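Per-entry structural report
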Amino acid sequence: MQPVRVLVPASAANLGPGFDAFGLALTLYNAVEMQEDDETHVVILGEGAHTLARNASNLVVRAAQRLFDAAGVRRRGLRLALHNAIPLGRGLGSSAAAIVGGLVAANELAHRPLTRSDLLKLAVQMEGHPDNVAPALLGGLVVASASESDLIYTQVPLPPMRLVVVIPDFALPTRKARAILPAAVPRRDAVFNLGRAALVLLALQRGDYKLLAQAMDDRLHQPYRARLIPGMETVFAAAREAGAAGVALSGAGPSLIAFAERDHECIGKAMQRAWEAQGVQARVLVLEVDQQGARMV
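Residues numbered from 1 in each chain as written. Predicted model: local features only at pLDDT ≥ 70, side-chain atom pairs only at ≥ 80, totals over all residues. Heavy atoms only, no water.

In this section: the layout of surface pockets. Volume-wise, the largest pocket comes out at about 700 Å³. In terms of lining residues, the largest pocket is bounded by 38 residues, among which G89, G93, S94, S95 and T174 are the most central. Those elements that provide at least two residues to the lining of the largest pocket are strand 2 (22-37), helix 1 (59-71), strand 4 (77-84), helix 2 (94-109) and helix 5 (174-179). It is helix 2 that provides the largest number of residues to the lining of the largest pocket, a total of 4 residues. Residue classes in the lining of the largest pocket are distributed as 15 nonpolar, 15 polar and 8 charged. (1 Å grid on protein atoms, 1.4 Å probe; cavity = no way out; pocket = protein on both sides within 12 Å on 5 of 7 lines; lining within 4 Å. Points joined across faces, edges and corners; volume = space filled by probe spheres on them. Helix = DSSP H or I, 4+ residues; strand = E, 2+ residues; numbered from the N terminus. Nonpolar A, V, L, I, M, F, W, Y, C, P; charged D, E, K, R; others polar.)

Printed below as a string of structure tokens:
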């Protein structure tokens with residue numbers, strides 16, 4: 001049987017005040033090639049080539065097995081080739097891409113027994129929250145809310161836009177970034193984020209960069225995670241001074257994402273220089289919004 005090949009986009013979650021609810025697919029991709037075999041073999045190229053597991057414990061393999069179990073399908077083994085461009089531990093949805101890639105490829109091998117909605121539910125169960133897996137699977141900007149009993153999500157149409165993503169040379173494990181968050185927050189901070197999240201959603205939908213500049217602030221996670229990211233506030237300030245309308249942590253960080261109508265390369269260079277002044281090397285990507293999500297190639 002010929003291998004199936006799936007392309008999965010990176011994603012930026014939270015987008016400032018949309019903590020654990022907003023996710024945006026980006027034009028940076030991992031590719032998963034999968035075919036049946038007698039045993040499981042994993043080849044990894046690109047990001048994680050020297051660190052990721054090459055056996056049944058690999059996250060893509062585990063996601064595929066989760067799909068087969070849900071569909072009642074038995075497989076002896078899998079041959080996988082993973083071509084990874086999404087960096088690990090940088091807040092760009094690498095684990096979400098692995099989960100979604102494994103689910104979608106396995107679903108294709110099994111002749112599509114599950115719907116996209118079914119796949120998303122399995123992905124959320126594996127990841128624990130929907131903000132990265134939803135845009136990785138569906139594309140675009142997704143707003144999602146998950147609980148133990150239900151999952152509500154919708155895609156929000158966006159105008160064409162370019163974004164600046166600045167990726168530092170250090171990783172920040174999500175579990176560490178979550179562990180630093182308080183168990184409870186003041187009511188005024190929760191109310192602040194509710195209003196800002198609604199305004200950010202409207203600003204992005206309208207392409208209103210003036211409103212975005214006023215609204216993209218957060219009190220639920222970024223002030224706490226800044227302690228783990230040297231120079232974060234300095235880089236934020238450099239981005240705004242160079243013309244960015246809004247700047248936010250990408251997911252749990254440490255990557256930063258800046259929204260602007262123009263001058264994206266200049267904004268990226270300003271952010272890069274600000275980080276270098278703090279002793280941190282960083283690379284800059286100017287990306288667009290991926291509107292398709294995971295798809296067969």
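Time to look at helix 3 (residues 116-127). A rise of 1.5 Å per residue sets the reference length of helix 3, with its 12 residues, at 16 Å; its end C-alpha atoms lie 16 Å apart and thus fit the reference within 8%. When we look at burial in helix 3, the residues that qualify are L119, L120, L122, A123, V124 and E127. Against helix 1, helix 2, helix 4 (133-138), strand 5 (141-146) and strand 6 (151-156) lie the buried residues of helix 3. One or two steps after helix 3, the chain reaches G128, where phi turns positive at roughly 100 degrees. (Expected span 1.5 Å × (residues − 1). Buried < 20%, exposed > 50% of the residue type's maximum accessible area, 1.4 Å probe, protein only. Contact = heavy atoms within 4.5 Å.)

This part takes up the side chain of D218. Looking at the element boundaries, D218 is found in the loop between helix 7 (209-215) and helix 8 (222-225). Among buried charged residues, D218 stands out as having no salt bridge; its nearest opposite-charge side chain is R225, 7.5 Å away. A polar contact of 2.9 Å, which involves the side chain of D218, links it to the backbone nitrogen of H221. Setting aside residues no more than four positions away along its own chain, D218 makes contact with G16, P17, F192, N193 and P223. (Lys, Arg positive; Asp, Glu negative; His and termini not counted. Salt bridge = Lys/Arg side-chain N within 4 Å of Asp/Glu carboxyl O. Polar contact = N/O pair within 3.5 Å; in protein donor to acceptor, adjacent residues only side chain to side chain.)

Structural measurements only, silent on function.
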